[in-house]
Amino acid sequence: MGIGKDGYYHIYDIAANNPNFALLLSGRNAGKSYAIYMDEEKNGYGGYLKKAFDTGKPIIGYIRRRKEDIVAYLVEDDFQDKLKAIEKMTNGQYNAVSVQKGKIHFAYVDEDNNKKIGTPFAYIFNLSTEGRYKSRQYPTVEVAIFEEFIDTDGRYLQDEVRHLQSLRSTIFRDREGVTYLIGNTISRENPYFEEWQLIGIPKMKIGQIDTYNMETSDDGVIKLCVELAPNRGDK
């Protein structure tokens with residue numbers, strides 16, 4: 001779907017492919033992250049924040065690269081563009097988010113700046129300490145979102161792709177689940193493109209979705225889809 005009739009990006013086309021990994025590439029103003037969180041449920045896809053609100057359970061895995069990327073105020077800042085939508089979605093019950101003990105919660109801030117913490121909607125993860133999550137269980141998580149997986153300075157972790165694959169296994173175990181990787185730029189020097197041999201990316205056209213099937217060591221298949229999403233305002 002790319003940019004819909006409303007002028008915003010939507011995830012439904014790439015989600016309909018039922019990938020294990022979904023890479024969304026475009027400029028910063030496409031609304032990729034907003035769409036994953038805020039798109040309404042359609043044909044079984046989307047509606048993640050709404051479902052978290054309705055169920056009161058953290059169904060999202062929020063992933064960043066390093067431990068310093070998941071400091072509370074930085075995580076909360078990532079949701080500033082979604083606060084008005086959250087207030088509307090919850091009929092005014094919540095108008096903010098708050099990080100508490102490794103989870104992101106809905107919250108309400110009154111006129112005197114008093115904050116009331118609500119139910120959690122996401123667990124927080126970072127790849128640099130991925131190993132510490134392995135003994136834990138995350139049975140409610142349905143979708144994982146790795147923000148800014150392309151580093152413009154090329155400062156990737158050693159064996160970063162392996163860390164992400166391991167974290168995905170920890171989060172979902174034997175359950176189905178999709179991991180979105182959001183990239184706001186494209187760089188040829190990228191461990192994901194190299195490790196997963198995404199050779200078609202340099203030739204992709206705006207709106208195109210490519211599918212790759214990667215064999216695993218246990219004779220399974222990991223399905224990976226890449227979308228070169230248009231920016232808002234692109235024709």
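Conventions we followed
Residues numbered from 1 in each chain as written. Predicted model: local features only at pLDDT ≥ 70, side-chain atom pairs only at ≥ 80, totals over all residues. Heavy atoms only, no water. Helix = DSSP H or I, 4+ residues; strand = E, 2+ residues; numbered from the N terminus. Rg over C-alpha atoms; globule rule 2.2 N^0.38 Å. Buried < 20%, exposed > 50% of the residue type's maximum accessible area, 1.4 Å probe, protein only. Contact = heavy atoms within 4.5 Å. Salt bridge = Lys/Arg side-chain N within 4 Å of Asp/Glu carboxyl O. Core = buried A, V, L, I, M, F, W, Y, C linked by side-chain atoms within 4.5 Å. Phe/Tyr/Trp six-rings, centres within 6.5 Å; stacked < 30°, edge-to-face > 60°. Lys NZ or Arg CZ within 6 Å of the ring centre and 35° of its normal. Pairing = 2+ DSSP bridges. Axes fitted to C-alpha atoms, helices over the stretch in contact; angles between N-to-C directions.

Participant: Residues and numbers for the overall build of the protein chain, please.
Facilitator: Helix and strand counts for the protein chain come out as 7 helices and 11 strands. Scaling as 2.2 N^0.38, a compact globule of 235 residues should have a C-alpha radius of gyration of about 18 Å, and the protein chain matches this with 17 Å. Projected onto its principal axes, the C-alpha positions of the protein chain cover 55 × 45 × 35 Å. Residues counted as buried form 51% of the 235 residues belonging to the protein chain. Sequence separation of 24 or more characterises 64% of the internal contacts of the protein chain that already satisfy a separation of 6 or more.

Participant: I'd like a rundown of the pattern of salt bridges, residues and numbers included.
Facilitator: It is possible for side chains bearing opposite charge to pair when their charged atoms get close. In total, this model carries 9 salt bridges according to the counting rule given. For the salt bridge of glutamate 160 with arginine 65, the shortest nitrogen-to-oxygen distance reads 2.8 Å. Of the two residues, glutamate 160 sits in helix H6 (residues 160-172) while arginine 65 sits in the loop between strand S4 (60-64) and helix H4 (72-77), which places them 95 residues apart along the sequence. A relative accessible area of 2% places glutamate 160 in the buried class. Aspartate 153 is the partner of arginine 155 in a salt bridge, and the nearest nitrogen-oxygen pair spans 3.9 Å. Relative accessible area serves as the criterion here: at 44%, arginine 155 is assigned to the partly exposed category.

Participant: An account of the nonpolar core is requested, with residue identities and associated values reported.
Facilitator: Grouped together as the largest cluster of nonpolar side chains are 40 residues, with contacts concentrated most on Leu49, Ile60, Ile104, Phe121 and Tyr180. Apart from the residues within four sequence positions on either side, isoleucine 60 is in contact with Tyr37, Tyr48, Leu49, Phe121, Ala122, Tyr123, Val141, Val143 and Ile145. Judged by nonpolar contacts, the second largest core, of 34 residues, contains Phe125, Tyr138, Phe193 and Trp196.

Participant: Tell me what's going on with the packing of aromatic side chains, and back it up with residues and numbers.
Facilitator: By the definition in use, this model includes 17 aromatic pairs. Aromatic side chains tyrosine 37 and phenylalanine 79 sit 5.1 Å apart centroid to centroid with 75° between the ring planes, which places their arrangement in the edge-to-face category. In this pair, tyrosine 37 is assigned in helix H2 (residues 32-38) and phenylalanine 79 in the loop between H4 and helix H5 (83-89), connecting sequence segments 42 residues apart. Looking at tyrosine 37, the relative accessible area reads 1%, which means it is buried. Classification of phenylalanine 79 as buried rests on a relative accessible area of 1%. A network of ring pairs unites the aromatic residues Tyr37, Phe53, Tyr62, Phe79, Tyr94, Phe106 and Phe121 as a single cluster. Against the face of phenylalanine 79 rests lysine 82, its NZ or CZ located 5.1 Å from the ring centre.

Participant: Report on the sheet that holds strand S5 (residues 96-100), specifying residues and quantitative values.
Facilitator: Taken in spatial order, the 9 strands make up an open sheet running S5-S6-S7-S4-S8-S9-S3-S11-S10, and their pairing is mixed. In the strand order of this sheet, the two ends are held by S5 and strand S10 (209-215), each with one partner. Here the average twist between neighbouring strands, direction ignored, is 30°. Relative to strand S9 (residues 178-183), strand S3 (residues 21-25) runs parallel, the two sharing 5 bridges. If you follow leucine 25 over to S9, its bridge partner there is glycine 183. Packed on one face of the sheet, helix H3 (residues 48-55) meets S4, strand S6 (103-109), strand S7 (115-126), strand S8 (143-146) and S9 and runs near 75° to S6. Along the sheet, H6 makes contact with S3, S4, S7, S8 and S9, crossing S8 at roughly 155°.

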